[in-house]
Amino acid sequence: MRFAADTGGTFTDLIVEDDKGALRMFKARTTPDDPIRGVLDALQVAADALGVSRQSLLASGDMFVHGTTRAINAIVTGTTAKTALLTTLGNPEVLVLREGGRIEPFNFTVPYPAPYIPRSLTYEVPERILHDGSVQTALDEAAVIGIIDKLRALEVEAVAVSLLWSVINPAHELRVGELLAEHLPGVPVTLSHQVNPIIREYRRTSAAAIDASLKPLMTSYMEKLEERLRDSGFGGRVLMLTSQGGVLDAADVARMPIHAINSGPSMAPIAGRHFAFVDAGAEDAIVADTGGTTYDVSLIRGGAVPWARETWIGQPYRGHMTGFPSIDVKSVGAGGGSIASVDSGGLLSVGPRSAGAVPGPVCYGQGGTEPTVTDAALVLGYIDADNFLGGAIKLDRAAARAAIERVVAKPLNRSVEDAAIAIIDVVT
């Protein structure tokens, strides 16, 4: 028996494949305070439906494949760890200067993107290794310890280290890593030559920065997932979907969580290609998924899964480069849980903030007060309040209507229906 679970921003989906190859799907709420509980809840739903205990269900499995939007959701919504960057003295602008390039060469109205790690959290380390690996300037360990003292005072949650030519001679990066472990214990560190050993500075530094910012979230998540599955009776292999459309052992993803950025969405083009061909014999297809937090889209052409050699989070040159190739999936903060608001100038916006699973949309009755896309869809009759999730959840249409009226309709001087349509139009 095999299991495949996907943790989204709002719901956790589970597929159970029995020994005969038959597939069954189950669903439970995602639990943001403890996402692994959501996975175990979905397994409990499956066990109840199959008439067995969760312990015996898991004990009969030999593989658990997991995908999650947890990493990309954290980046899109700006909830990654407070991360510092340590780089070579004289090279602090690497995330600011990037590699150049514009989508629209003559459009100067779009502001230059902010660096992934703020300049205020970037520190210069006195050291210099040359392109042949020789040491021009020895590492100033006292200066590094002084920087670490500043990081501790700022309560930094993760550190990325990217020194010039560390891919040729990593001695200084390794020593900085040792000093961080000694003087800043418990704070995860990413060394650029370990996560992405390439020459191009921006890509290597960006990869290290993104990886470090995800470590407090994802390392704990992956380690606890495997531990709690074992405690619940599972004795098989735990695999994690990667941005490249493959899998890695959970322990490897815990060490380098950057590979899990598009963990959930990466499989959609592969599945979309399969079903487009099986159902319609089509070699061209648009594959789209509206989740609770993001809207993901990909394009199959000529039967080929799209592959991005240069993977950007957001638009090319305006977003952030991961430094790795991946299945080409674009994500924007526009999902069912995306929150609608009106600013002081009377402008309606939807997302990227999401109500997630807790408190969730107002209509879930879990304490949500800010109207979402799901609330607007319910008010307009796009969703059946009595048959949501097969009737497992009863939706409160009156509460959704009241929230839209208070937050959107009155400030815009429109009817509730017009306000709901406006929310759907903006997110669309």
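Asks: Describe in detail the packing of aromatic side chains, supporting the description with residues and values.
Replies: Per the stated rule, a full pass over the model turns up seven aromatic pairs. Measuring from centroid to centroid gives 6.3 Å for Phe 11 and Tyr 364, while their planes differ by 50°, and the two rings are tilted. Note that Phe 11 is positioned in strand S2 (residues 11–17) and Tyr 364 in the loop between strand S21 (348–354) and helix H11 (373–379), a separation of 353 residues in sequence. Residues Phe 11 and Tyr 364 agree in their burial class; the two are buried. Ring geometry for Tyr 364 and Phe 388: centres 5.8 Å apart, planes at 45°, overall tilted. With Tyr 364 in the loop between S21 and H11 and Phe 388 in the loop between H11 and helix H12 (397–412), the pair connects residues that are 24 residues apart, well separated along the chain. The exposure classification of Tyr 364 matches that of Phe 388, with both residues buried.

Asks: Hey, could you go over the sheet that holds strand S19 (residues 330–332) for me, with residue numbers and the actual values?
Replies: Taken in spatial order, the three strands of this open sheet run S13-S14-S19, and their pairing is antiparallel. Of all the strands in the sheet, just strand S13 (285–290) and S19 have a single pairing partner and so form its edges. For this sheet the average axis-to-axis angle between neighbouring strands, irrespective of direction, equals 15°. Examined bridge by bridge, S13 and strand S14 (residues 295–300) share six bridges and lie antiparallel to one another. The partner of Val 287 across the bridge, within S14, is Ser 298.

Asks: Explain the pairing of strand S9 (residues 158–162) residue by residue, including any values.
Replies: Put simply, side chains in a regular strand alternate between the two faces of the sheet. When you tally the buried positions in S9, you get five out of five residues, the bulk of the element. In S9, alternate side chains face the same way, and those of Ala 158, Ala 160 and Ser 162 on one face and Val 159 and Val 161 on the other are all buried. Here five bridges tie strand S5 (residues 83–88) to S9, and the two strands are oriented parallel to one another. Across the sheet, Ala 84 pairs through a bridge with Val 159, a residue of S9.

Asks: Break down the packing of H12 against helix H13 (residues 416–427) for me, with residues and values.
Replies: Running from N to C, H12 and H13 point in directions that differ by 80°, and their axes come no closer than 9 Å. Regarding the angle of H12 to H13, the classification is roughly perpendicular. For the pair formed by H12 and H13, the contact residues are Arg 401, Ile 404, Glu 405, Val 408 and Ala 409 on the first element and Val 416, Glu 417, Ala 419, Ala 420 and Ile 423 on the second. Class assignment of the residues belonging to the contact of H12 with H13 gives a composition of seven nonpolar, no polar and three charged.

Rules used in this analysis
Residues numbered from 1 in each chain as written. Predicted model: local features only at pLDDT ≥ 70, side-chain atom pairs only at ≥ 80, totals over all residues. Heavy atoms only, no water. Phe/Tyr/Trp six-rings, centres within 6.5 Å; stacked < 30°, edge-to-face > 60°. Helix = DSSP H or I, 4+ residues; strand = E, 2+ residues; numbered from the N terminus. Buried < 20%, exposed > 50% of the residue type's maximum accessible area, 1.4 Å probe, protein only. Pairing = 2+ DSSP bridges. Axes fitted to C-alpha atoms, helices over the stretch in contact; angles between N-to-C directions. Parallel < 35°, antiparallel > 145°, perpendicular 65-115°, else oblique. Contact = heavy atoms within 4.5 Å. Nonpolar A, V, L, I, M, F, W, Y, C, P; charged D, E, K, R; others polar.

Bear in mind that shape data such as this cannot, by itself, settle questions of function.
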